[in-house]
Structure formats: structure tokens, C-alpha cells
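Take a look at the letters that make up each chain.
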Amino acid sequence: MNKDNQFTHFDAAGQAHMVDVGAKAETHRVAIASGRIRMQPTTFEMVRSGSVRKGDVLGVARIAAIQAAKRTSDLIPLCHPLALTRVAVDFALEDAAHAVRCTVQAETRGQTGVEMEALTAVQVGLLTIYDMCKAVDRGMVIEDVALVEKRGGKSGHWTRDA
């Protein structure tokens, strides 16, 4: 919701619409999102060692995440197409949880933010890991996907508290 506690993707009559960002100032905008996929210990070790038969799981997932960020407006109906200036994808292995954390930082210089691009990239990166590993572990769980931070625009800097 915006500062007036109104959903911005609906007009006064309740019809869905694309938000008009034409009058907004162009600023450097950054969004960071994160999530993880938990798996069986043996699957985790296969990802770590690079022994998954389909190949370099994290390398393929990184490319998939970047591609997803670039295609977000094709997937989310009311998203504006953005000229991304940077998409950085990082994977961290979480030994205790047998999980892989995906963190994406998306950036643009424009009139609207890149939160949806970062979130979409995280989800598709994690789904790609699932796809590449599902032959040995169908019980993997994608969880904790969330926006971590956003900067730029009229609303300024925001970070997740917990």
C-alpha cells in the first residue's frame, strides 16, 4: 500500500490498471531480495560438489535468475518493463540447514522500483535448483523469499526489520 493506505494497482472504480509513473523522477533504484531452498543432506552435498548429473546447478540457476529479472514484466501483468542496469546473483551454502540461499540485487535508473525484478529472480533461481535436483530429491522446500532492502525513489530507503 502507499502512504494513503491504498492499493496502487486499482483505480477509483476498483479496476486493475498499470500505475502511471510518468511524472515520477528518475532515480537510481536498488532492490535486494533473498530466499532459500532446503534439501536432503545428500542432495546438498551433490550441489556443493558439482556432481548433479544435469551439470553446474548454481551456474545454471544464476543465469536463470538473471533472465527472470529481465523478463519480469512478461510474467507479472502490471509490472513496467525496466531497463535494468545490473542484476547480481549470489548463492550461499547453508550447511546446518542443508539449504542454498539465493540473494539478488537488481538495479536501474528509472521512474519505478526493481523490487519485483529482484523477487522474481530469486524465485526462478530457486526453482531452477529444484528442477535440476528433483530427480534425486522431490521433497525440497523453497522458503523465506522476501524483499530485504530497497533504495531510491520518493519512498526512499527501506530495510526488512527481521
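Residues numbered from 1 in each chain as written. Predicted model: local features only at pLDDT ≥ 70, side-chain atom pairs only at ≥ 80, totals over all residues. Heavy atoms only, no water.

1. Details of the pairing of strand β4 (residues 141-151)
Relative to β4, strand β1 (residues 27-38) runs antiparallel, the two being bridged by eight bridges. Within the sheet, the bridge partner assigned to I32 lies in β4 and is E149. In this structure, β4 lies alongside strand β5 (residues 158-159), joined through two bridges in antiparallel fashion. Paired with K150 across the bridge in β5 is W158. Here β4 folds back onto β5, and the loop between the two strands holds six residues, one of which, G152, carries a positive phi near 100°. (Pairing = 2+ DSSP bridges. Helix = DSSP H or I, 4+ residues; strand = E, 2+ residues; numbered from the N terminus.)

2. Here's the deal with the pairing of strand β2 (residues 84-94)
Every regular strand shows the same layout, with side chains that alternate between the two sheet faces. Relative to strand β3 (residues 99-110), β2 is paired through 10 bridges, and the arrangement is antiparallel. Bridge pairing links D90 to T103 in β3. The hairpin formed by β2 and β3 contains four residues between the paired strands, and H98 there has a positive phi angle of roughly 50°.

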